[in-house]
Amino acid sequence: MKEEKIELIKDGKRLSGRGFEELRPIKIDVGVLKRADGSCYFELGNNKALAAVYGPREMHPRHFQNAKMAVVKYRYNMAPFSVDDRKRPGPDRRSQEISMVSRKALDPVILRELYPKTAIEVYVEVLQSDAGTRTAGINAASVALADAGIPMKDLVSSVAIGKIDGEVVLDLDAKEDNFGEADMPVAMIARTNTITLLQMDGRLKKEEFERGLKIAMTGCRKIYELQRAALVEKYSKSGNEE
Amino acid sequence: MGQEVIEDIRKDYVYDLIEQGKRADGRGFLDFRDITVERDLIKKADGSTRVQIGDTVVLVGVKVEPGAPFPDTPNKGVLMTNAELVPLASPEFESGPPGENSIELARVVDRGIRGSETIDLEKLCIEEGEKVWMVFIDIHTLDNDGNLVDAAALGAIMSLLNVTIPYEQYGLTGEDTLQIRDTPVAVTVVEIGGNLLVDPNVYEESAATSKLTVISNADGSISGLQKSGSSGLTEEKIVKMIEIGIEKAREIREKYLPKI
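In this report, we go over the structure that sits alongside the text. As the structure is a computational prediction, the values presented were derived from the model and not from experiment.

About the criteria used
Residues numbered from 1 in each chain as written. Chains lettered and ligands numbered in written order. Predicted model: local features only at pLDDT ≥ 70, side-chain atom pairs only at ≥ 80, totals over all residues. Helix = DSSP H or I, 4+ residues; strand = E, 2+ residues; numbered from the N terminus. Rg over C-alpha atoms; globule rule 2.2 N^0.38 Å. Buried ≥ 20, exposed ≤ 12 C-beta atoms within 10 Å, placed from the backbone. Contact = placed C-beta atoms within 7 Å. Nonpolar A, V, L, I, M, F, W, Y, C, P; charged D, E, K, R; others polar. Pairing = 2+ DSSP bridges. Axes fitted to C-alpha atoms, helices over the stretch in contact; angles between N-to-C directions. Parallel < 35°, antiparallel > 145°, perpendicular 65-115°, else oblique. Left-handed = near helix turned anticlockwise from the far one by under 90°.

1. Let's talk about the overall build of chain A
Right, so step 1: Helix and strand counts for chain A stand at 4 helices and 12 strands.
Right, so step 2: At 18 Å, chain A has a C-alpha radius of gyration in line with the 18 Å of a compact globule built from 242 residues.
Right, so step 3: Along the longest, intermediate and shortest principal axes, the C-alpha atoms of chain A span 55 × 40 × 35 Å.
Right, so step 4: Per-residue burial over chain A gives 49% buried out of 242 residues.

See the structure below:
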């Protein structure tokens, strides 16, 4: 990666031609894996993420069991070919942190107390990455949990905002992320406007943060509608077939 | 424990059906499930293929990067094959360092490509002793309904056929298509109660007493073999399995791979 400065906004437009508050194209497919109890394929621009849910099933090792509720396990993993320079396979510090914050983003909506002593396992594979993979992973995981029939209060929707060339914009792509001034992923429970994930890298003024959060929340609501529509489509279709 | 009982019942069911000359999905013993391939899905990879055999899905990506050669082969490029049985793909897979199954999968695929000298590694030398191209084949399993090896091997050769060596990206000059000299295809044959079957699904795999992966080339030669499973095989059986393997590989090659 060359580090020389590039212009990210020209004539009021982003390099991709998107507006400041415009999401990249999104594609959602529900129930794409046979072996998993629930699954979802989620595309956000050039990001391709696949999520699978297994469980609730017996928790191993046993001392990780919680006698009062299910324990959610979340594994975020990048395929070695998903990035420009091949990524060494297996977990690293970054993916471990992402796994943890993503789990905490989903925990609040899952009715974990219904399944004491069990594990609900969420596996996210990033097949191609273009900035925003953790948000794509959370969106996929949330739909996969619903597809697995895990009782939930609501879906969780996630998107990042950032700052490029002094402007606060929605959903950074890799170029904007590399050369921009700030990146802030947000996850939200749309029905209650509850934020379940919030991270920030870079530098934002207080007003920029406040505006950015509003833009992110609006973005989350749009994604929420698409997630819902994908689930409705899958289940209205399979209902007709059977 | 409940899981194990169900496993046993399934095994018996598969076994009984096969004794009657049938398979649960209606296939003949020597029929593959439907194969679909999609190429170049991953723009970040230098070559990639998604292979689906029945409900088994494997995504193979190839990345080519400059690096140092091994000291004992200073004028040769490096080929590295890696497989991840990610827990997303099956309730039986677990996270953690690669286990013996993923190592075996990667090594069998690697052996077929190496044995057939599909890639001329000497052509991948940039500067002797200093810099060569390293070809990474990464096998990412997405859904395991059996026979990962055949799917991964097909994905590997199809991805290699589409590889563009990223000379420009690294400020180098040279021939940018990767020269491919052969088209190795893996076919796994299993034995269940004395019967031989190809392309086992996950239940057939668990009912199989032995398993032989045969990797064969365009001229009908063999470039890799791997026997697994708990029982031994007679010479007669092995010869038969190899014949089946070569014949099925020929059919797959004709359908999915170019003539080299």
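2. Digging into the interface of chain A and chain B
Right, so step 1: Listed by partner, the interface residues are 24 residues for chain A and 27 residues for chain B.
Right, so step 2: Of all the secondary structure elements, the ones that give two or more residues to the side of chain A that touches chain B are strand 5 (47-58), strand 6 (71-78) and strand 7 (118-128) of chain A.
Right, so step 3: Per-element tally for the side of chain A that touches chain B: the top contributor is strand 7 of chain A, with 4 residues.
Right, so step 4: Here the residues of the side of chain A that touches chain B sort into 12 nonpolar, 5 polar and 7 charged.

3. Considering the pairing of strand 11 (residues 194-198) of chain A
Residues and elements named next belong to chain A.
Right, so step 1: Taken together, the 4 bridges between strand 10 (residues 182-189) and strand 11 define a ladder with antiparallel strand orientation. By the bridge assignment, Val186 is partnered in strand 11 with Leu198.
Right, so step 2: Linking two consecutive strands that pair antiparallel, namely strand 10 and strand 11, is a turn of 4 residues; a positive phi of about 55 degrees is found at Asn193 within it.

4. What to know about the packing of helix 2 (residues 100-115) of chain B against helix 3 (residues 148-161) of chain B
Residue and element names in this part refer to chain B.
Right, so step 1: Relative orientation of the contacting elements helix 2 and helix 3 amounts to 45 degrees, with a least axis distance of 10 Å. Comparing the axis directions of helix 2 and helix 3 gives the class oblique. Judged by the twist between their axes, the crossing of helix 2 over helix 3 is right-handed. Within the contact between the two elements, helix 2 uses Leu105, Val108, Val109, Gly112 and Ile113 and helix 3 uses Leu148, Val149, Ala152, Ala153 and Ala156.

5. Topic: the sheet that holds strand 7 (residues 185-192) of chain B
Residues and elements named next belong to chain B.
Right, so step 1: One open sheet accounts for 4 strands, arranged 8-7-9-10; its pairing is antiparallel. Each edge of the open sheet is held by one strand with a lone partner, namely strand 8 (195-198) and strand 10 (222-228). The mean inter-strand angle of the sheet, taken between neighbouring strand axes irrespective of direction, is 20 degrees.
Right, so step 2: As paired strands, strand 7 and strand 8 are joined by 4 bridges and run antiparallel to one another. Following the sheet pairing, Val190 is matched in strand 8 by Leu197.
Right, so step 3: Its contacts with the sheet place helix 2 against strand 7, strand 9 (210-216) and strand 10, and it is angled at close to 160 degrees to strand 10.
Right, so step 4: Seen against the sheet, helix 5 (residues 235-256) touches strand 7, strand 8, strand 9 and strand 10 and runs at an angle of roughly 140 degrees to strand 7.

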